[in-house]
Amino acid sequence: MKRLLCVFLLVMVGSFFLAGTAFAEISFFGTAKIKPTWYSNFDFNNDKNDALIVNEAGLTKGQHVRAELRLGWKASGEKWKVMMIAEVDSIMEKDNADRSFYVLAADDNGKERQPNTGAEFGIERCEFTYSFLPQLELESGWNIRFLDIKTGGLLYGDDHPFVGFRGKITDSTNYEVLYIPIQNRIALKSEGPFDDKDHNDWEVYTAKLNYSFGKMEDTPPDSPFYANRSFGLTVSPFFAYSDNNSWNCDLQYYGLEVTGQTGPIKPYFEIVLNHGDFDDNRDIKSWAMFGGVELPVNKAFNPYVAFRFTQGDDDSSDNDVEGWVGITDIGRFTGLLGMDGNILGEDLGQSYGATLYSYSPERALSTNRYGGISNNGSGDNPGQKLLAIGSRGDLSGILQGLLYKTQAFFIWYDETDNLTNAKDPGKKVDDYAGTTVDVQLLYAFSKNFSIDYIFSTFIPGKGQEDVQDANDPAFVNMLTMAWSY
Amino acid sequence: MKHNRHRHLLTLFLIAIGLMAATVGVTQAESWPGMEKAIQNWNGPREVTLRSDLEDPLGSSEVQNLLELFLAEGFRPTLAGPGTTVKEGLILDLRDSAGGRVAILSKAGTGQILALDRQAARPLQKPMSDTSPAVDSAMISTESVEPAPLPSPAATLPANLSEHPLELSWEAKQIALAGTASEETPILALLTDDALHLVRAEGGTVVLLDTWSPGLDSGHALRVGAGDIDGDGKREIAAVWAEDVKGIYQGTDSRPHAWIFSVSKGKLAPLSQDLEGFLRVMNDRLLWQRRGTYVPFAGPVLSVDRDGGKFQVGSQPVWPEGRNLYAMTTLPQGTRALFWTDDSHLVLGSIKEQGGKELVADLGTVSHPSVAVPLRETEYRSGLEKEDRINERNVPLPRRILMSKDEQVFTLVRGRSEGLPLVGTPAGQDMVAEIAVVPEGLTLERPFPGVESFILDFTLLPRAGRTDVLLLLNDRPDGSGKSRLLVQSPH
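All of these numbers come straight from a predicted model, not from anything done at the bench.

Reading guide: rules and limits
- Residues numbered from 1 in each chain as written.
- Chains lettered and ligands numbered in written order.
- Predicted model: local features only at pLDDT ≥ 70, side-chain atom pairs only at ≥ 80, totals over all residues.
- Heavy atoms only, no water.
- Helix = DSSP H or I, 4+ residues; strand = E, 2+ residues; numbered from the N terminus.
- Buried < 20%, exposed > 50% of the residue type's maximum accessible area, 1.4 Å probe, protein only.
- Contact = heavy atoms within 4.5 Å.
- Areas by Shrake-Rupley, 256 points an atom, 1.4 Å probe, with all protein chains shown as cover.
- Polar contact = N/O pair within 3.5 Å; in protein donor to acceptor, adjacent residues only side chain to side chain.
- Buried area = accessible area lost by both parts, 1.4 Å probe.
- Salt bridge = Lys/Arg side-chain N within 4 Å of Asp/Glu carboxyl O.
- Nonpolar A, V, L, I, M, F, W, Y, C, P; charged D, E, K, R; others polar.
- Pairing = 2+ DSSP bridges.
- Phe/Tyr/Trp six-rings, centres within 6.5 Å; stacked < 30°, edge-to-face > 60°.
- Lys NZ or Arg CZ within 6 Å of the ring centre and 35° of its normal.
- Core = buried A, V, L, I, M, F, W, Y, C linked by side-chain atoms within 4.5 Å.
- Axes fitted to C-alpha atoms, helices over the stretch in contact; angles between N-to-C directions.
- Expected span 1.5 Å × (residues − 1).
- Arc of directions from axis to C-beta.

> Got a minute to help me understand the overall build of chain A in this structure?
Broken down by element type, chain A carries two helices and 25 strands. Here chain A holds 485 residues, and the buried ones make up 53% of them. Within chain A, contacts between residues separated by at least 24 positions form 61% of all contacts whose residues are at least 6 apart in sequence. In the structure as shown, chain A presents an accessible area of about 21500 Å², 59% of it carried by carbon and sulfur atoms.

> What's the story with the side chain of A:Arg332 in this structure? I'm lost.
All names here are of chain A. Mapping Arg332 onto the fold places it in the loop between β18 (320–321) and β19 (369–371). Exposure remark for Arg332: the relative accessible area of 1% places this residue in the buried category. A polar atom in the side chain of Arg332 sits 3.2 Å from the backbone oxygen of Gly345.

> Explain the interface of chain B and chain A here, please?
Listed per partner, the contact involves 33 residues of chain B and 53 residues of chain A. Regarding the contact of chain B and chain A, the summed buried area is about 3700 Å², with carbon and sulfur atoms giving 49% of it. By the criterion of area lost to chain A, the three top residues of chain B are B:Arg381, B:Leu384 and B:Glu385, representing 19% of everything that side buries. Taken together, the connections running from chain B to chain A amount to eleven salt bridges. At the junction of chain B and chain A, the tally comes to 16 residue pairs in polar contact (both at pLDDT 80 or more). Listed by contribution, the elements that provide at least two residues to the side of chain B that touches chain A are β12 (236–247), β13 (251–264) and β23 (370–380) of chain B. Take the side of chain B that touches chain A: its biggest share by element is five residues, from β12(B). Broken down by class, the residue content of the side of chain B that touches chain A amounts to eight nonpolar, eight polar and 17 charged.

> How should I be thinking about the sheet that holds strand β20 (residues 336–340) of chain B in this particular structure?
Strand-to-strand pairing in sheets goes through backbone hydrogen bonds, with the strands running parallel or antiparallel. Residues and elements named next belong to chain B. One open sheet holds the four strands; their spatial order is β19-β20-β21-β22, and the pairing between them is antiparallel. Each end of this open sheet is capped by a strand with a single partner; those strands are β19 (328–330) and β22 (357–358). Here β19 pairs with β20 via three bridges, running antiparallel. Its bridge partner being in β20, Thr330 is matched across the sheet by Ala337.

> For this particular structure, what's the right way to read the packing of aromatic side chains?
Each aromatic ring pair is specified by the distance between its two centres and by the angle formed by the two planes. For the coordinates displayed, the defined rule picks out 27 aromatic pairs over all chains. Considering the side-chain rings of A:Tyr130 and A:Phe132, the 5.1 Å spacing of their centres and the 65° angle between planes classify their relative orientation as edge-to-face. Note on A:Tyr179 and A:Tyr205: the rings are 5.2 Å apart at their centroids and 40° apart in plane angle, and the pair reads as tilted. Linking A:Tyr179 in strand β11 (residues 173–183) with A:Tyr205 in strand β12 (residues 202–215), this pair joins segments that are 26 residues apart in sequence. In this structure, A:Tyr179 and A:Tyr205 share a single accessibility class: buried. Among the aromatic residues, those joined into a ring-pair cluster are A:Phe44, A:Tyr352, A:Tyr413 and A:Phe458. For A:Arg282, the ring lying beneath its charged end belongs to A:Phe278, and the centroid distance is 4.1 Å. Its end group placed over the ring of B:Tyr326, B:Arg223 keeps NZ or CZ at 4.8 Å from the ring centre.

> Just checking my understanding: could you explain the pattern of salt bridges for this structure?
Using the criterion set out here, one finds 51 salt bridges over all chains in the structure. Between A:Asp280 and A:Arg282 there is a salt bridge whose closest N-O contact spans 2.8 Å.

> What am I meant to see in the nonpolar core here?
As a rule of thumb, nonpolar side chains are buried together in soluble globular proteins. With 59 residues, the main nonpolar core has A:Leu155, A:Leu337 and A:Leu344 as its most contacted residues. Apart from residues lying up to four places away in sequence, A:Leu344 is in contact with A:Tyr352, A:Ala354, A:Thr355, A:Ser358, A:Tyr359, A:Leu386, A:Phe409, A:Ile411 and A:Phe458.

> Can you help me understand unusual backbone geometry in this one?
Keep in mind that most residues, glycine aside, have a negative phi and that most peptide bonds are trans. Here the bond from B:His368 into B:Pro369 is cis, since omega is -5°, no more than 30 degrees from zero. Residue position: B:Pro369 is located in the loop between β22 and β23. One non-glycine residue, A:Asp469, adopts positive backbone phi at about 55°. If you trace the backbone, A:Asp469 turns up in the loop between α2 (462–468) and β25 (474–484). Its identity is not glycine, yet B:Asn283 carries a phi of approximately 50°, on the positive side. Take B:Asn283: it is sitting in the loop between β15 (278–282) and β16 (285–290). Residue class for B:Asn283 comes out exposed when judged on its relative accessible area of 52%.

> Sorry, what's going on with the sheet that holds β13(B) here?
Residues and elements named next belong to chain B. Read across the sheet, four strands follow the order β11-β12-β13-β14 without closing on themselves; strand pairing throughout is antiparallel. Each edge of the open sheet carries a strand with a single partner, namely β11 (219–227) and β14 (267–270). Sheet twist, expressed as the mean angle between neighbouring strand axes with direction ignored, is 35°. Here β12 runs beside β13; their pairing, made up of twelve bridges, is antiparallel. Across the sheet, the residue bridging to Val245 is Asp253, located in β13.

> Before we go on, may I ask you to explain the side chain of B:Asp457 in this structure?
Residues and elements named next belong to chain B. Here Asp457 shows up in strand β29 (residues 454–463). Within the structure, the side chain of Asp457 is placed 2.7 Å from the side chain of Arg400, a separation counted as a polar contact. In this view, Asp457 contacts Lys173, Gln174, Ile175, Arg400, Leu470, Leu471 and Leu472; residues no more than four positions away in its chain are not counted.

> How do you make sense of helix α3 (residues 61–72) of chain B when you look at a structure like this?
Because the α-helix completes a turn every 3.6 residues, residues three or four places apart line up on one side. Residue and element names in this part refer to chain B. With twelve residues, α3 extends 16 Å from end C-alpha to end C-alpha; this agrees with the ideal 16 Å at 1.5 Å per step. Every buried residue of α3 is listed here: Val63, Leu66, Leu67, Leu69 and Phe70. Considered in projection along α3, the buried side chains sweep an arc of 155° and stay on one side of the axis. In α3, the exposed residues that point more than 90 degrees away from the buried face are Glu68, Leu71 and Ala72. Of the residues flanking the end of α3, it is Gly74, one or two places downstream, whose phi is positive at about 85°.

> Even after reading the chapter, I still don't get the pairing of strand β24 (residues 449–460) of chain A, so can you show me in this structure?
Each regular strand displays side chains that alternate between the two surfaces of the sheet. Residues and elements named next belong to chain A. The pairing of strand β23 (residues 432–444) with β24 spans eleven bridges and is antiparallel. Its bridge partner being in β24, Gln440 is matched across the sheet by Ile454. Between β23 and β24, which pair antiparallel in sequence order, lie four residues. By the bridge criterion, ten bridges tie β24 to β25 in an arrangement that is antiparallel. The residue bridging Phe449 from the neighbouring strand is Trp483, located in β25.

Structure, rendered in structure tokens:
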């Protein structure tokens with residue numbers, strides 16, 4: 001694998017020499033998002049303080065205002081492209097606004113302070129490409145890459161660093177292969193758990209093929225029920241190999257994704273299986289699937305229904321690790337069920353076990369970890385059966401510029417044997433984990449400025465009540481003022 | 001104590017007086033803001049000729065304000081009638097139009113407009129109708145016009161419309177010649193984002209005859225055309241709007257809506273249901289094409305024919321699939337056609353074969369109007385959240401190509417640009433040019449002068465022995481600035 005990486009790097013360097021001194025088109029773009037937010041009761045217990053909650057701006061809880069400020073620029077020539085985005089993403093307060101360094105490096109107790117508390121611009125995302133042929137384009141950087149974000153987001157979607165190739169084989173077929181070094185860490189000390197140079201590495205290799213067929217262009221966009229002759233699908237087999245030295249395991253993922261349109265219906269389908277083992281011969285074997293349909297009725301009413309499944313583990317003490325853990329569960333940003341700030345996509349690690357971005361409860365336990373966000377997903381997790389109903393639409397008939405999305409998730413555990421019943425010790429935990437309700441309203445004042453509000457709640461079911469010995473609803477109230485240009 | 005209260009009252013009184021004086025001062029200073037700036041920037045002769053068709057221009061306080069402005073800057077004003085020729089200095093034209101009292105400052109000799117200010121708009125002669133798009137909707141009009149004949153070769157336009165632009169009260173984006181009410185009075189179809197206006201250009205003003213609204217919640221104007229489609233000697237109008245349907249995570253999806261109208265006695269009467277596609281009038285024939293899911297134009301181009309009292313889309317392809325309704329224009333000579341390429345080049349080819357001889361000329365880029373079409377694959381421009389994604393692409397409609405009765409072909413050349421963002425100012429000239437087919441291919445002729453304004457659209461005015469053009473001008477290329485009409489004759 002190291003040799004392969006060297007080849008990648010050499011090709012990338014060579015490609016920039018080949019690009020020569022061609023003239024470039026340069027453009028700037030950016031976004032500024034200010035998000036007054038209130039997280040409430042993420043532990044489902046009114047009588048206790050919430051533990052810390054992580055979001056993109058850092059650690060927080062309760063009321064806060066998050067600022068995500070981005071400035072991007074891109075340059076391109078005939079065959080090459082370069083893009084970089086600088087970002088500050090912080091919880092707004094005086095120490096990280098207009099500050100960069102504090103002189104006092106110790107507090108009153110002599111404890112060392114973080115010397116640099118300012119929020120500085122850094123490269124949040126970047127991407128570099130060179131197209132040798134339509135069939136062969138070199139790509140690198142750290143930017144959004146995904147395998148299944150258009151459907152369930154069960155396996156991978158993130159902005160990890162990558163080196164890879166993609167290309168268009170025919171008009172209807174394209175591919176992408178990636179090397180993704182998620183972790184490449186060595187110990188700062190000569191002793192300790194990470195003293196081996198490979199010990200804390202986590203590298204992922206992915207491949208995806210997209211094949212489209214049918215005639216999507218035949219769709220009269222205005223009339224879903226009238227003479228709709230469209231039938232167009234994109235079928236995408238994908239593969240990922242996870243070389244996870246950090247947890248001493250390696251495994252393969254095999255998946256298939258289907259999107260498109262059949263008459264008035266938009267189907268979404270995905271199935272993924274994994275198989276691998278830990279160095280001590282514990283077997284990893286699990287699967288997950290997603291299916292959904294959207295039926296546009298008119299511009300104001302586009303109802304959908306979906307089902308998301310991740311297998312749970314039924315016995316954490318045996319050698320079979322059967323709980324589903326992806327590389328990055330990216331449910332929060334998926335096409336049908338995603339929402340930028342609904343409660344299930346926030347960090348519920350302290351209760352339900354779904355952490356930031358993920359919808360599945362991969363952190364409900366902390367044993368037999370083999371992947372997931374920050375590599376902390378447990379293979380002994382209880383899994384998930386999620387039934388979703390929702391609708392989205394354009395309410396310009398009421399007020400021009402007003403848009404909405406609303407949905408409800410009904411969530412069951414797949415297996416509860418590994419969960420501890422805190423309410424009735426010794427008894428089996430109930431299957432029903434809870435219900436979430438999300439409502440999002442957006443008003444676009446112009447093409448460049450909008451305000452949206454999300455109300456989202458997780459009402460714990462009997463299962464969560466058993467685990468937490470509490471059943472108070474959790475809430476997210478989030479306002480987003482967004483400027484984009 | 002009492003003394004103090006009086007002092008407070010006096011202070012409040014003085015503050016109030018000061019605020020009132022400041023308000024009056026600001027109001028006066030802002031009466032003719034464009035004029036003030038233009039006068040201060042003028043380095044030529046300090047002569048200004050005030051041309052006006054007002055009965056008593058000096059009796060108007062607004063005119064007095066204007067004259068004070070000029071006198072304060074050292075100008076020597078002269079009064080003159082509306083048609084007076086001026087060779088030196090500046091010309092100040094004062095008009096009462098449907099949009100209010102308009103003052104236009106231009107450079108003598110070249111006619112270049114330096115400033116245009118308008119006083120409070122007078123009410124239009126007829127308010128906008130909010131009629132529903134139903135075919136049998138009642139139309140309202142305060143003006144009565146005889147059935148519109150086709151424009152005769154002898155038709156002329158008011159002289160002042162061809163000398164100076166006429167400001168419109170509407171943000172018109174497209175224009176078509178709907179007919180003539182008399183030999184000197186053209187009837188125009190003006191398409192705005194929310195309505196089709198039928199107007200009569202008369203005596204330096206525009207008289208609103210009728211308005212029809214498609215009733216779309218959020219949309220924008222795409223294209224209007226006119227021609228004698230059913231051969232009854234009167235022009236029908238084809239109007240197309242885009243309804244912009246949006247989703248929080250889906251972006252914008254422009255869905256075309258189109259209707260056909262008759263013009264009779266100053267009224268617009270729909271002759272079709274919503275045809276849910278793109279329409280184009282070409283050589284007095286009406287063509288239709290639908291939008292695709294991920295492409296702006298899909299399927300074959302079909303003809304629209306009259307079946308009884310209604311127009312309906314036919315089933316037999318006029319052009320095969322793969323053609324763009326607005327990009328191809330068939331020429332009368334055999335099977336040849338003109339094509340707009342995606343990068344705004346004009347190519348001479350055949351109806352069956354799109355490739356051919358390209359016109360070697362920079363015709364500029366016209367980006368409006370456009371339709372938003374969803375991308376098959378979302379682009380994550382700067383992240384995963386909704387503001388970071390690009391879900392659609394905006395596809396400009398190929399610009400208009402018109403053919404006169406004597407088979408001259410005209411199109412728009414974009415030579416004007418907005419300049420750099422924030423710091424730049426518009427520069428350059430747009431013009432209507434003639435495309436001539438020669439044995440070697442295509443050549444570009446420039447029979448009409450360029451204008452220092454964006455030409456949003458144009459229509460042809462047949463005249464005795466020549467073809468004039470009626471330009472729809474705007475300060476901004478997207479039509480969000482002031483709209484004006486200007487008539488040009490060939491050199």
